[in-house]
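Given next are the chains, with one letter for each unit.
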There are 2 protein chains.
Amino acid sequence: MRKKDSIVFHRPPSVLAWAAVGGKKEAEGPLGNQLDAATEDNTLGETSWETAESDLQRRAVQLVLQKAATGLAGVDLIFAGDLQAQCTASAYTMRALDVPFAGLYGACSTMAESLGMAACFCAAGMAGKAMALTSSHFCTAERQFRTPLNYGGKRTPTAQWTATAAGCCLLGAAGNGPRVNAVTFGRVRDYQVNDINNMGAAMAPAAAQTLLNHMQAVGTTPAQYDSIYTGDLGQVGSALLCEILEREGMPLPNHRDCGLMLYDRQSQQVKAGGSGCGCSAAVLCAHILPGLAAGREKRVLFAATGALMSQTLFLQGESIPGIAHCVELASPESL
Amino acid sequence: MRKKDSIVFHRPPSVLAWAAVGGKKEAEGPLGNQLDAATEDNTLGETSWETAESDLQRRAVQLVLQKAATGLAGVDLIFAGDLQAQCTASAYTMRALDVPFAGLYGACSTMAESLGMAACFCAAGMAGKAMALTSSHFCTAERQFRTPLNYGGKRTPTAQWTATAAGCCLLGAAGNGPRVNAVTFGRVRDYQVNDINNMGAAMAPAAAQTLLNHMQAVGTTPAQYDSIYTGDLGQVGSALLCEILEREGMPLPNHRDCGLMLYDRQSQQVKAGGSGCGCSAAVLCAHILPGLAAGREKRVLFAATGALMSQTLFLQGESIPGIAHCVELASPESL
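Computed from a predicted structure; not experimentally measured. Sequence order as written defines the numbering, with residues in each chain counted from 1. Both sets of labels track the order of writing: A upward for chains, 1 upward for ligands. Only residues with pLDDT of 70 or above have their local features reported here, since the model is predicted, and side-chain atom pairs are shown and tallied only from 80 upward, although totals for entire chains, interfaces and linings are computed over all residues. The side-chain quantities take in all heavy atoms of the structure and omit both hydrogens and water.

Engineer: Looking at this structure, how should I read the overall build of chain A?
Structural biologist: We count a stretch as a helix when DSSP gives it H or I for four or more residues in a row; a strand needs E for two or more, and each element gets its number in order from the N terminus. Of regular secondary structure, chain A possesses 9 helices and 15 strands. By the compact-globule yardstick of 20 Å for 335 residues, chain A fits well, its C-alpha radius of gyration being 18 Å. Dimensions of chain A along its principal axes, counting C-alpha atoms only, are 50 × 50 × 35 Å. Three labels apply to residues, based on accessible area from a 1.4 Å probe with only protein chains included: buried if under 20% of the type maximum, exposed if over 50%, partly exposed otherwise in between. Considering chain A as a whole, with its 335 residues, one finds that 68% of them fall into the buried category. Restricting the contact set of chain A to residue pairs at least 6 apart, pairs at least 24 apart contribute 78%. Each radius of gyration reported is based on C-alpha atoms, and the globular scaling rule is 2.2 Å times the count of residues to the power 0.38. By the convention used here, residues are in contact when the closest approach between their heavy atoms is within 4.5 Å.

So, in structure tokens, the structure goes:
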């Protein structure tokens, strides 16, 4: 089952149901009509953005339970995390959900980390059904990582726009949904990038390493995948990733970055692209999983990337470590 | 393998090696001479407390590798987390360690969460060897959760003292060390405590729930354990826990709290006791695991507790959700 850096499932677990919830800007983007729900008001009627983000998560969970026609009692374990300090979006979501909860932190890689964990637990019979959940919110992220919105800080061309979105998946050992073939948990890479407005560059080396490690362990080449999705490298990080992998003799003609899919970069003014846990989560649940379920794609990689810094460490002049976790997904009939 | 809220291992994985590293105050406490290493200077020669905390983790990892006479190449996956915003103590530790890394956030419950995860992955063959790692640092935690030390804030009688400490365990599917019999990932409980200086009270209901769920799933009573360790409820939370469980008809005569073991509460002026991820981690690695290895105890529960708030949510007037994860440990010869 363990092959080098990867966990390869003899009996691939199945993604039974999924849902993507977005904010106003996300609904106006290219994937807007593929979202399961969108909110017109990014406060969701709450008094703080932080609790609004928990609401996004809760809506995603509810939609998944509806789609799967099951209740929370059928869920053995939820893996969740987010960008707020001390992962409070997830923790406060869990107050309303009486389910065992394992908190994760992988920054914007959290959707792949949680999906991978849920797949591992289901495949091993350690959970009958498990959920993977994450979110981000533009306004909570600005407060966490840069300056509160009220300060009106200028955005640089390499900056990315944190998605206001949540994604949730329900997994089981067997089912008719897309399969999880294999999971690779990533290694931290730090190439001494210390520009908090250029996280794509900070994460690209980790994405390259994880993709190389995954394909080496599983024994595949890029051509064997319909798409290789990363998230969220944006324009700058994507170019770097392709450059690195070309130098390694492994060009990626079928590469797509979630940060470049959720928004129209020009008309929506998101600078280098989208980011945030919710960005790759929304693209996974609004585009990738539906495409696999419908057979439009047969086999893909979903390598979500995370920049593991904080405002504290950034202000102390530290560079930004990156990580990428990779989940290999396949259409139901590909078995 | 799955029994209600618990994961029960048919072939219990083994804790192969462990290490506890502490600061000056921890070295002066009752468990001081059981620590594997202690630092005289809590900056560890670094320019910030945050990077000093990463040093603590790195020392714990090095000691474990030395004890196990193995290198990092023999470790398939590290589960780690800490209290810093965006878990930077762990992420920055990983820059120096070229090993697949899954970041966790469970606040002060992280030692049990990471130990439980590592046990699950080893038991299922998804990792040959896996590490569980966490830390806390008094000075970084004060900056995160209360006010920076320089402000000289007063401490209330219910406040707990965040340990400057790290703990690390190496697990494998088989070995001669203490066994992990079962793991229960906890459910979030929020009893509307919103005093950031009384986290014991906020966490006690979650600890009670997890202990009840664990013993119900595994089919045991408190009398079957030599000790039931919680961490870190302190004086206030421990009294509450015992009160709740007595009312549930399950008194805990053999209860011990890590927050009351690491320091001498009176002479060391830690108010209600110790806390922080590093507190229960240090007690686990300096006292609990050595006791099981030496046969002084045969079977124990290790239920680490976490308060899942942040300064942001606290300042917004939110109450504090609690969680507890429970790991059942047994001496090597108890099989």
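Further notes follow.
Engineer: When you look at the side chain of B:Asp5 in this model, what are you seeing that I'm missing?
Structural biologist: Mapped onto the secondary structure, B:Asp5 falls in the loop between β1 (2-3) and β2 (6-8). The class for B:Asp5 is buried, based on a relative accessible area of 10%. The term polar contact refers here to a pair of N or O atoms within 3.5 Å; inside protein, the definition further demands a hydrogen-donor-capable atom paired with an acceptor-capable atom, and it admits residues adjacent in sequence only when both atoms are side-chain atoms. At 3.1 Å, the side chain of B:Asp5 forms a polar contact with the side chain of B:Asn213. Not counting residues within four places of it along the chain, the set of residues in contact with B:Asp5 comprises A:Pro100, B:Val183, B:Thr184, B:Phe185, B:Arg187, B:Asn213 and B:Ala217.

Engineer: How do you make sense of the nonpolar core when you look at a structure like this?
Structural biologist: Generally speaking, soluble globular proteins have nonpolar side chains that are buried together. Definition used in this section: a nonpolar core is a set of buried Ala, Val, Leu, Ile, Met, Phe, Trp, Tyr and Cys residues joined via side-chain atoms within 4.5 Å. With 123 residues, the main nonpolar core has A:Ile78, A:Met131, A:Leu211, B:Ile78, B:Met131 and B:Leu211 as its most contacted residues. Top contributing element to this core by residue count: helix α6 (residues 199-218) of chain A, with 9 residues. Setting aside its immediate chain neighbours within four residues, A:Leu211 contacts A:Ile228, A:Thr230, A:Leu241, A:Leu245, A:Leu252, A:Leu301, A:Ala303 and A:Cys326. Listed in part, the 111 residues of the second largest apolar core include A:Met117, B:Phe9, B:Leu115 and B:Val180.

Engineer: Could you clarify how one ought to interpret the relation of the copies chain A and chain B in this entry?
Structural biologist: For the pair of chain copies, the relating operation is a rotation around an axis with a shift along it. For the match of chain A to chain B, the screw axis carries a shift of 0.0 Å, the RMSD comes to 0.0 Å, and the turn is 180°. Taken together, these values place the two copies in the relation of a two-fold axis. A residue counts toward the fit only if its pLDDT is at least 70 in both copies, and the copies are then superposed by least squares on the C-alpha atoms of those residues.

Engineer: Any chance you could explain the environment of A:Pro332 here in plain terms?
Structural biologist: All names here are of chain A. Inspection of the secondary structure puts Pro332 in the segment after β15 (322-330). For Pro332, a relative accessible area of 14% gives the class buried. As for Pro332 and Leu31, which are separated by 301 residues in sequence, their C-alpha atoms are 23 Å apart. Those residues in contact with Pro332, other than ones at most four positions away along the chain, are Asn176, Gly177, Pro178, Arg179, Leu292 and Ala293.

Engineer: Just checking my understanding: could you explain the packing of helix α6 (residues 199-218) of chain B against helix α7 (residues 234-247) of chain B for this structure?
Structural biologist: What describes two packed helices is the angle between their axes and the distance between those same axes. Residue and element names in this part refer to chain B. Lines fitted to C-alpha atoms define the axes, with helix axes restricted to the stretch in contact, and inter-axis angles between N-to-C directions lie between 0 and 180 degrees. One can describe the packing of α6 onto α7 by two numbers: an axis separation of 8 Å at closest approach and a directional angle of 40°. It follows from the interaxial angle that α6 and α7 lie oblique. Handedness of the α6/α7 crossing: right-handed. Within the contact between the two elements, α6 uses Gly200, Ala201, Ala204, Pro205, Ala207, Ala208, Leu211 and Leu212 and α7 uses Gly237, Leu240, Leu241, Ile244 and Leu245. Angular relationships are summarised with four words: roughly parallel below 35 degrees, roughly antiparallel beyond 145, roughly perpendicular across 65 to 115, and oblique for the angles in between. By convention, the crossing between two helices is left-handed when the near helix turns anticlockwise from the far helix through less than a right angle, and right-handed when the turn is clockwise.

Engineer: Help me understand the interface of chain A and chain B, please; the structure alone is not making it clear to me.
Structural biologist: Interface extent is often summarised as the accessible area lost during association of the parts. At the interface, 58 residues of chain A touch 58 residues of chain B. Note: buried area is the sum, over both parts, of the accessible area (probe 1.4 Å) each one loses when the two are combined. Each partner contributes to the roughly 4,700 Å² buried at the junction of chain A and chain B, and carbon and sulfur atoms together form 59% of this total. Should a side-chain nitrogen of Lys or Arg be within 4 Å of a carboxyl oxygen of Asp or Glu, the pair is scored as a salt bridge. At the boundary of chain A with chain B, the tally comes to 10 salt bridges. The salt bridge partner of A:Asp76 is B:Arg2, with a shortest N-O separation of 3.8 Å. Between the two partners, chain A and chain B, sit 30 residue pairs in polar contact (both at pLDDT 80 or more). Side-chain classes are defined by residue name, with Ala, Val, Leu, Ile, Met, Phe, Trp, Tyr, Cys and Pro counting as nonpolar, Asp, Glu, Lys and Arg as charged, and the others, Gly among them, as polar. Across the side of chain A that touches chain B, the residue classes tally to 32 nonpolar, 14 polar and 12 charged.

Engineer: How should the environment of B:Trp49 be read in this particular structure?
Structural biologist: All names here are of chain B. Locating Trp49 in the fold gives a position in helix α2 (residues 49-68). Classification of Trp49 as partly exposed rests on a relative accessible area of 24%. In this structure the C-alpha to C-alpha distance between Trp49 and Tyr225, which are 176 residues apart in sequence, comes to 38 Å.

Engineer: When you look at the packing of aromatic side chains in this model, what are you seeing that I'm missing?
Structural biologist: Given two aromatic rings, one states the distance between the centres and the angle between the planes to describe the pair. Only centres within 6.5 Å qualify two rings of Phe, Tyr or Trp (six-membered ring in Trp) as a pair; their planes then separate them into stacked at under 30 degrees, edge-to-face at over 60, and tilted for everything else. Enumeration over the complete set of coordinates arrives at 7 aromatic pairs over all chains. Ring centres of B:Phe138 and B:Trp161 lie 3.9 Å apart, and the angle between their planes is 5°; on these two criteria the pair is classed as stacked. Taken as a pair, B:Phe138 in helix α5 (residues 138-145) and B:Trp161 in strand β8 (residues 161-162) lie far apart in primary sequence, 23 residues in all. For the pair B:Phe138 and B:Trp161, a shared accessibility class is recorded, and that class is buried. Of the aromatic side chains, those joined through ring pairs into one cluster are A:Phe79, A:Phe121, A:Phe185, B:Phe79, B:Phe121 and B:Phe185. Note on criteria: charge over ring means Lys NZ or Arg CZ within 6 Å of the ring centre, with the direction from the centre no more than 35 degrees off the ring normal. Sitting above the plane of the A:Trp161 ring, A:Lys25 keeps its charged end 4.1 Å from the centroid.

Engineer: So what exactly am I meant to see when it comes to the pairing of strand β14 (residues 299-307) of chain B here?
Structural biologist: For a regular strand, side-chain orientation follows a simple rule: the groups alternate between the two sheet faces. Residue and element names in this part refer to chain B. β14 sits mainly inside the fold: 8 of its 9 residues count as buried. Here 5 bridges tie strand β11 (residues 227-231) to β14, and the two strands are oriented parallel to one another. In the sheet register, Ile228 faces β14, and the bridge partner there is Leu301. Only strands joined by at least two bridges in the DSSP assignment are considered to pair.

Engineer: Would you mind showing me how to read the side chain of B:Thr184 here?
Structural biologist: All names here are of chain B. Checked against the element boundaries, Thr184 lands in strand β10 (residues 179-184). Of the polar contacts made by the side chain of Thr184, one reaches the side chain of Ser6; its length is 2.6 Å. At a separation of 2.6 Å, a polar atom in the side chain of Thr184 contacts the side chain of His214. Dropping the residues within four chain positions of it, Thr184 is found in contact with Asp5, Ser6, Thr210, His214, His325 and Cys326.

Engineer: How should I be thinking about the confidence of the model for chain A in this particular structure?
Structural biologist: Parts of the prediction with low pLDDT should not have their coordinates interpreted in detail. What pLDDT reports is the predictor's confidence in each residue, on a scale of 0 through 100. For chain A, per-residue confidence averages 96 on the pLDDT scale, and residues scoring 70 or more make up 99% of the total. Predicted complex metrics record ipTM = 0.98 and pTM = 0.98.

Engineer: Honestly, α7(B) in this entry has me stumped. Any pointers?
Structural biologist: Each full turn of the α-helix corresponds to 3.6 residues, which orients residues three or four apart in the same direction. All names here are of chain B. Look at α7: 20 Å from first C-alpha to last across 14 residues, which is about the 20 Å you get at 1.5 Å a residue. Within α7, burial applies to Gly234, Gly237, Ser238, Leu241 and Leu245. Here the buried residues of α7 occupy an arc of 100° about the axis, which is enough to place them on one side. For α7, the exposed residues lying more than 90 degrees away from the buried face are Glu246 and Arg247. Packing partners of the buried residues in α7 comprise α6, β11 and β12 (255-257). In the segment just after α7, Gly249 is the residue with positive phi, at about 75°. The length a helix should cover is 1.5 Å for every residue beyond the first. Working definition: the arc comes from the directions between the helix axis and the C-beta atoms, pointing outward to the latter.

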